[in-house]
Amino acid sequence: MPTFCLERTAPLPLDEAWRRLTDWPRHAGAVPLTRVRVLTPPPTREGSRFVARSGIGPLAVDDVMEVTVWRPPADGEPGLCRLEKRGRVVLGWAEIEVRPGPGGRSRVVWREDLRVRFLPRAFDGALEQTARVLFGRTANHLLRRP
């Protein structure tokens, strides 16, 4: 599946946008039928791991992620978090970048390469469209709610 990118501008300072987007348990409130469990002790850093479990009962899928880049914004400089998907079914990576935007706002760039093992390439378009909607709504939800 090709990499896709979402961009948002939020009326938040850099550090607040970063905090909201990288508070992993909060993602569960934005993604239906999903629970997030952090597997490593706080604070988040390179090597931190968490799992998002989506679905119901035996139809649930684990998206196991590891933080491989952790550079929070500082002194007006952008922040970047890279997650590698390490699960059995959900593969790929995600990057969340928070940088200065117009008028003191934050500009968020969310890049994602999402692959599902055993899913034929014929479903790439549907997977990309679904993921784009889901992650767009997630970003909107996280940036709107404290």
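Treat the numbers as computed from the prediction; the structure is a model and nothing was measured.

## Focus on the pattern of salt bridges
- Counted according to the given criterion, the structure contains 15 salt bridges.
- Lys85 serves as the salt-bridge partner of Asp63, at 2.8 Å between the closest nitrogen and oxygen. Here Lys85 lies in strand β5 (residues 79-86) and Asp63 lies in strand β4 (residues 61-71), a separation of 22 residues in the sequence. Of the two residues, Asp63 and Lys85, both sit in the buried class.
- Overlapping salt bridges, with partners in common, bring together Arg82, Glu84, Glu95, Glu97, Arg99 and Arg111 in one network.

## Digging into the environment of Lys85
- What makes Lys85 buried here is its relative accessible area of 7%.
- In this structure, the C-alpha to C-alpha distance between Lys85 and Val67, residues 18 residues apart in sequence, is 9.1 Å.
- If we skip the residues at most four places from it in the chain, Lys85 touches Asp63, Val64, Met65, Val90, Leu91, Gly92, Trp93, Glu112 and Leu114.
- At a separation of 3.2 Å, a polar atom in the side chain of Lys85 contacts the side chain of Glu112.

## Some words on the side chain of Arg20
- Relative to the helices and strands, Arg20 resides in helix α1 (residues 14-21).
- The buried category is assigned to Arg20, whose relative accessible area is 8%.
- In this view, Arg20 contacts Leu12, Arg26, Leu142, Leu143, Arg144, Arg145 and Pro146; residues no more than four positions away in its chain are not counted.

## Notes on the packing of aromatic side chains
- What the rule picks out here adds up to 4 aromatic pairs.
- With centroids separated by 4.9 Å and ring planes inclined at 55 degrees, the aromatic side chains of Trp18 and Trp70 adopt a geometry described as tilted. Here the residue Trp18 occupies a position in helix α1, and Trp70 occupies one in strand β4, the gap between them amounting to 52 residues.
- Look at Trp110 and Phe135: their rings are 5.6 Å apart centre to centre, the planes differ by 35 degrees, and that puts the pair in the tilted class. Remark: Phe135 occurs in helix α2 (residues 124-144) and Trp110 occurs in strand β7 (residues 106-116); sequence separation between them is 25 residues. An identical accessibility class is assigned to Trp110 and Phe135; each is buried.
- Here the aromatic residues Phe4, Trp110 and Phe135 are joined through ring pairs into a cluster of three or more.
- In this structure, Arg82 is placed above the aromatic ring of Trp93, and the distance from its NZ or CZ to the ring centre is 4.4 Å.

About the thresholds
Residues numbered from 1 in each chain as written. Predicted model: local features only at pLDDT ≥ 70, side-chain atom pairs only at ≥ 80, totals over all residues. Heavy atoms only, no water. Salt bridge = Lys/Arg side-chain N within 4 Å of Asp/Glu carboxyl O. Helix = DSSP H or I, 4+ residues; strand = E, 2+ residues; numbered from the N terminus. Buried < 20%, exposed > 50% of the residue type's maximum accessible area, 1.4 Å probe, protein only. Contact = heavy atoms within 4.5 Å. Polar contact = N/O pair within 3.5 Å; in protein donor to acceptor, adjacent residues only side chain to side chain. Phe/Tyr/Trp six-rings, centres within 6.5 Å; stacked < 30°, edge-to-face > 60°. Lys NZ or Arg CZ within 6 Å of the ring centre and 35° of its normal.

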